[in-house]
Amino acid sequence: MPAPSPDHSAPQHRGALIVVEGRVQGVGFRPFIRRLAAAHGLGGWVRNRAGQVEIAASGEAPALERFVRDIVTRAPPLARPRIREVVPAFVEDEGRFDILPSEAGDPRDAELSPDLFVCDDCLAEMADSAARRYRYPFINCTQCGPRYTIIRALPYDRANTTMASFALCPECRAQYDDPADRRHHAQPLACPACGPSLWFRDAAGEVHGNEASIAVCVGALHAGRTVAVKGIGGYHLICDAASEAAVLRLRARKRRPAKPLAVMVPMPAQDALEWARRLASFDTVEEAQLRDPVRPIVLLRRRNGAPLADAVAPGLSELGLMLPYSPLHHLLLQAFARPVVATSANISGEPVLTEGAHVEARLAACCDAYLHHDRPIHRPADDPVVRVIAGRARPIRLGRGTAPLSLGLPFPLRDPVLACGGQMRATVALGYGRRAVVSPHIGDLGSVRAARVFEDVAEGLQQLYGVRAGRIVCDAHPGFSSRTWARQRRQPVDLVQHHCAHASALCGEHEVIAPLLVFAWDGVGLGADGALWGGEALYGLPGRWRRLGSFRPLRLIGGDAVSHQPWRSAAAVCWALGLARKPPQDASGLARQAWDRRLGTHESSAVGRLFDAAAALLGLIETASYDGEAPALLEAAADDTGDRVALPIVDGNADCWSVDWAPLMRAVLGPGAIGRKAALFHSSLAASILDQARVARGRFGAQRVGLSGGVFQNRRLTEEAVELLKDDGFEVLLHERVPCNDGGLSYGQLVERAAQDEIEHLVRTEAGHAA
């Protein structure tokens, strides 16, 4: 069909060329446009062009106007269309509206559809014994199923996905080609005759076939065994969540003694949330997150007496629950009829595994059997995690269904930039123009495999979007693997201070244009002065942050060991207070001697280390088995009392005030119940935020306050701080799209770089005018 010719002659045109961007691929958008055009009596065509959809439509002017309006207002539920332009054009009307083959075009504007849960229509069909896809584990349509994890290249057509090797059978081809069918142009389309299938393997041998494989897998779960099950974005290790023996065995074999395990619950037909309610209590916002098409892991308050093994989340008051999101999960949970642990199949901290051979080679000691399928996973994506804080869902981890995450930048980047994030909870972000694309969670960059996946994701984003980074930005800490990787590239490398990146990520999310006071609290980040920061009060805007305040530095001993040995922070607090504490781990006294002599010590202003110290001093933990364990236990231990201790603000340095933690830690060491002192710790820190904000308001007129950094994953602290600030007249900003932890650093680094580019541009412009 010939391309339309622009027509600028008459306002009452009978044709138009319409360009639509946003999330318009992988969501049934072209079939929707075809049906919409027919409903309005229009002729023409629609096609994918890289990340956009182009539409040429002809008909009466009023019908065209309604058509353009309805493209947005009546779009499919999963689409997020934006009209980029509508240009009057002569469109040849042959009495029909066609879907044309896709064109490659420029993928820079692409907004990929995420991997989504199986929709209600497909679930109903899967339960219909008369349907071709009855109990088929890979059923999908234009409104559900895998997307990002199967895409090899854009545009999003079957030939560019891992489904290309599965030739459609005649029945599926007819549905794919039928404009009236809900599977019209559903790229992952399949059925038992032409699509992927399951097989089960254990020490006894292999079982092939979908029904037989599911049956033997469920039998293994009933027997207390652990099965590695291939899902959408990777494998899960699955076992009976009600069996203390099964969960403890999984923990011992995976060497994961305490980190909470995610739980997937069945969805009974009569009440989809019946099992979720038996295990946890939740409000309407949390319920909406459970039901969200993304199907994230939602952190919820555990019910007393919940029929679940204590070993699922030892010492914690919350559970990570999710509903089944793939057809296979539904079939397994329906047959097993009770919750399962569904934790990522990986070596703890590494990216999730996606290939069966790797799972069997690397996790043989962790599981008893494997449920494989033959639909390849091209891009790994772990399950996303959210926690409702201050009335809204806050991302803790980006993953399947929430990433790649497309965000805006406050200024255009001079060149495309690749941002490397941090060391823990790593993500990668690609920036070009005024756009940023953040990857799914990769993991902790402390292993060979994590480094390899990090590099694959960095390269994959650039290939997928057709953008080659001309610069790299990374954290300033010389010990971070991401910085080492960046230094090994050929591109120029820019360093971004850790806490400035946290603050800038928050500004980028909220499109902040006026100076903002940001409390950037976490466990560690290299400061601009070469010391370790983590309790900072920053004021300004991206590219122009000023450090107003911090916490009194705590002299620590043990290097990196401090982060997973809270007893070291507790000992340092006692020694700094002049107390003769002798921890069992330092029976020889060598650590104390070194601390006294400042040998092998470093100073840190990190609030995260104060959480570690308090948890250890209250007897909750000595050595942590996972990042954030001590703060999590301290939050869980806090009762409902509201006592507070004032933390003095000392202006010893005119450029940066210092908050003294000594009165707080003396209170923690004093008499009283553990729950009361844990609550006092949180309340006192929240009050300190208000006290510091008041000082900043008095000196600089600060009225808006942001909270960023991993410490603010803590619901108790964050909600208390938000309430105090709002009651005192402050506006408060929290993260809503990127994690407040280091998972948001890569985006913040891009925002910082974009701001620096703008500043440099203004300087050059002013210099040119002066000349």
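A.B. asks: How do you make sense of the overall build of the protein chain when you look at a structure like this?
C.D. replies: Within the protein chain one finds 21 helices and 33 strands. Taken against the 2.2 N^0.38 rule, which gives 28 Å for 771 residues, the C-alpha radius of gyration of the protein chain at 28 Å falls within 12% of a compact globule. C-alpha atoms of the protein chain, sized along the principal axes, occupy 90 × 80 × 50 Å. Expressed as a percentage of the 771 residues in the protein chain, the buried residues total 61%. Sequence separation of at least 24 residues holds for 71% of the intrachain contacts in the protein chain that already meet a minimum separation of 6. For the protein chain, the exposed surface amounts to about 28800 Å²; the carbon and sulfur share of it is 51%.

A.B. asks: Please clarify how the packing of helix H14 (residues 566-576) against helix H15 (residues 590-597) should be interpreted in this entry.
C.D. replies: Helix packing for two helices is described by the angle between their axes and how far apart those axes are. Packing of H14 against H15 brings their axes to within 11 Å, and their N-to-C directions diverge by 55°. Between H14 and H15, the angle falls in the class oblique. Handedness of the H14/H15 crossing: right-handed. Where H14 abuts H15, its residues Ala572, Trp575 and Ala576 lie against Ala591, Arg592 and Trp595. Here the residues of the contact of H14 with H15 are counted per class, giving 5 nonpolar, no polar and 1 charged.

A.B. asks: Even after reading the chapter, I still don't get helix H4 (residues 170-177), so can you show me in this structure?
C.D. replies: Residues that lie three or four places apart on an α-helix share one face, since the helix turns once every 3.6 residues. Restricting attention to buried positions, one finds in H4 the residues Cys172, Gln175 and Tyr176. In an axial view of H4, the angular spread of the buried residues amounts to 100°, which keeps them on one side of the axis.

A.B. asks: What am I meant to see in the sheet that holds strand E21 (residues 429-432) here?
C.D. replies: Two strands in a sheet stick together by hydrogen bonds in their backbones, pointing the same way (parallel) or opposite ways (antiparallel). Strand order in the open sheet made by the 6 strands is E19-E22-E21-E20-E23-E24, with mixed pairing throughout. Two strands bound the open sheet, and with one partner strand each, they are strand E19 (405-408) and strand E24 (493-496). Each strand axis lies, on average, 25° off the axis of its neighbour in the sheet, ignoring direction. Relative to strand E22 (residues 435-438), E19 runs antiparallel, the two being bridged by 4 bridges. Residue leucine 405 lies in a different strand from E22, and its bridge partner there is valine 438. The strands that helix H11 (residues 448-465) touches are strand E20 (417-419), E21 and E22; relative to E21, the one it contacts most, it runs at about 35°.

A.B. asks: How should a nonpolar patch on the surface be read in this particular structure?
C.D. replies: Together, Val72, Ile83 and Val86 make up a nonpolar patch on the protein surface, roughly 190 Å² of accessible area in all. Within the element layout of this structure, valine 86 appears in strand E5 (residues 80-90). Judged by relative accessible area, valine 86 falls into the partly exposed class, the value being 38%.

A.B. asks: How should the packing of helix H17 (residues 629-637) against helix H19 (residues 674-700) be read in this particular structure?
C.D. replies: The geometry of H17 relative to H19 is characterised by a closest axis approach of 8 Å and an angle of 115° between their N-to-C directions. Relative to H19, H17 is oriented roughly perpendicular. When you trace H17 past H19, the crossing you get is left-handed. Touching Leu634, Glu635 and Ala637 of H17 are Ile674, Gly675, Ala678, Phe681 and His682, all from H19.

A.B. asks: Sorry if this is basic, but what is going on with unusual backbone geometry here?
C.D. replies: Backbone torsion omega between leucine 154 and proline 155 reads 5°, so that peptide bond is classified as cis. The step from alanine 403 to proline 404 runs through a cis peptide bond, and the omega angle for that step is 5°. Looking at the secondary structure, you find proline 404 in the loop between strand E18 (392-397) and E19. Of note in the backbone geometry, alanine 390 takes a positive phi value of approximately 55° without being a glycine. Inspection of the secondary structure puts alanine 390 in the loop between strand E17 (385-389) and E18. On the accessibility criterion, alanine 390 (31% relative accessible area) is partly exposed.

A.B. asks: Would you explain the side chain of aspartate 586 in this entry?
C.D. replies: Structurally, the position occupied by aspartate 586 is in the loop between H14 and H15. Despite being buried, aspartate 586 has no salt bridge partner; lysine 582 is the closest side chain of opposite charge, sitting 7.2 Å away. Of the polar contacts made by the side chain of aspartate 586, one reaches the backbone nitrogen of arginine 592; its length is 3.1 Å. Every residue in contact with aspartate 586, bar those within four places of it in the chain, is listed here: Trp567, Trp575, Ala591 and Arg592.

A.B. asks: Explanation requested: helix H6 (residues 244-254) in the structure shown.
C.D. replies: Of the residues making up H6, those classed as buried are Ala246, Val247, Leu250, Arg251 and Lys254. For H6, the buried positions fall inside an angular range of 135° around the axis, keeping them on one side. Of the exposed residues in H6, the ones pointing more than 90 degrees away from its buried face are Ala245 and Ala252. In this structure, the buried residues of H6 make contact with strand E10 (235-240) and strand E15 (340-344).

Procedures and definitions
Each chain carries its own residue numbering, running from 1 in the written order of its sequence. Predicted model: local features are reported for residues with pLDDT of at least 70 only, side-chain atom pairs are reported and counted for 80 or more only, and whole-chain, interface and lining totals are derived from all residues. To get the side-chain values, take all heavy atoms of the structure and skip hydrogens and water. A run of H or I in DSSP becomes a helix once it reaches four residues, and a run of E becomes a strand once it reaches two; helices and strands are each numbered from the N terminus. Only C-alpha atoms enter the radius of gyration, while the globule expectation follows 2.2 Å times N to the 0.38, with N the number of residues. Relative accessibility under 20% of the residue-type maximum defines a buried residue, over 50% an exposed one, and the middle range a partly exposed one, all with a 1.4 Å probe and only protein chains included. Contacts: residue pairs with any heavy atoms within 4.5 Å of one another. In short, Shrake-Rupley with a 1.4 Å probe defines the accessible areas, and a residue's cover is counted only from the protein chains shown. Working convention: axes come from line fits to C-alpha atoms, limited for helices to the stretch in contact. Angles between N-to-C directions cover 0 to 180 degrees. Here the word oblique covers every angle except those under 35 degrees (roughly parallel), over 145 (roughly antiparallel) and from 65 to 115 (roughly perpendicular). Throughout, a crossing is termed right-handed when the near helix is turned clockwise from the far one, and left-handed when it is turned anticlockwise from it by less than a right angle. Note on residue categories: nonpolar means Ala, Val, Leu, Ile, Met, Phe, Trp, Tyr, Cys or Pro, charged means Asp, Glu, Lys or Arg, and polar means any other residue, Gly included. Relevant arc is that of directions from the helix axis to the C-beta atoms, nothing else. Strand pairing requires that DSSP identify at least two bridges connecting the strands. Patch membership requires more than 30% relative accessible area and the absence of a salt bridge. Residues of like charge join within 9 Å; the nonpolar side chains Val, Leu, Ile, Met, Phe, Trp and Tyr join within 5 Å. Counted as salt bridges are all cases of a side-chain nitrogen of Lys or Arg within 4 Å of a carboxyl oxygen of Asp or Glu. Positive charge is attributed to Lys and Arg, negative charge to Asp and Glu, and no charge count is given to His or to the chain ends. A 3.5 Å cut-off defines polar contacts: any pair of N or O atoms within that distance qualifies, except that in protein one atom must be a possible hydrogen donor and the other a possible acceptor, and neighbouring residues in sequence count only when both atoms are side-chain atoms.

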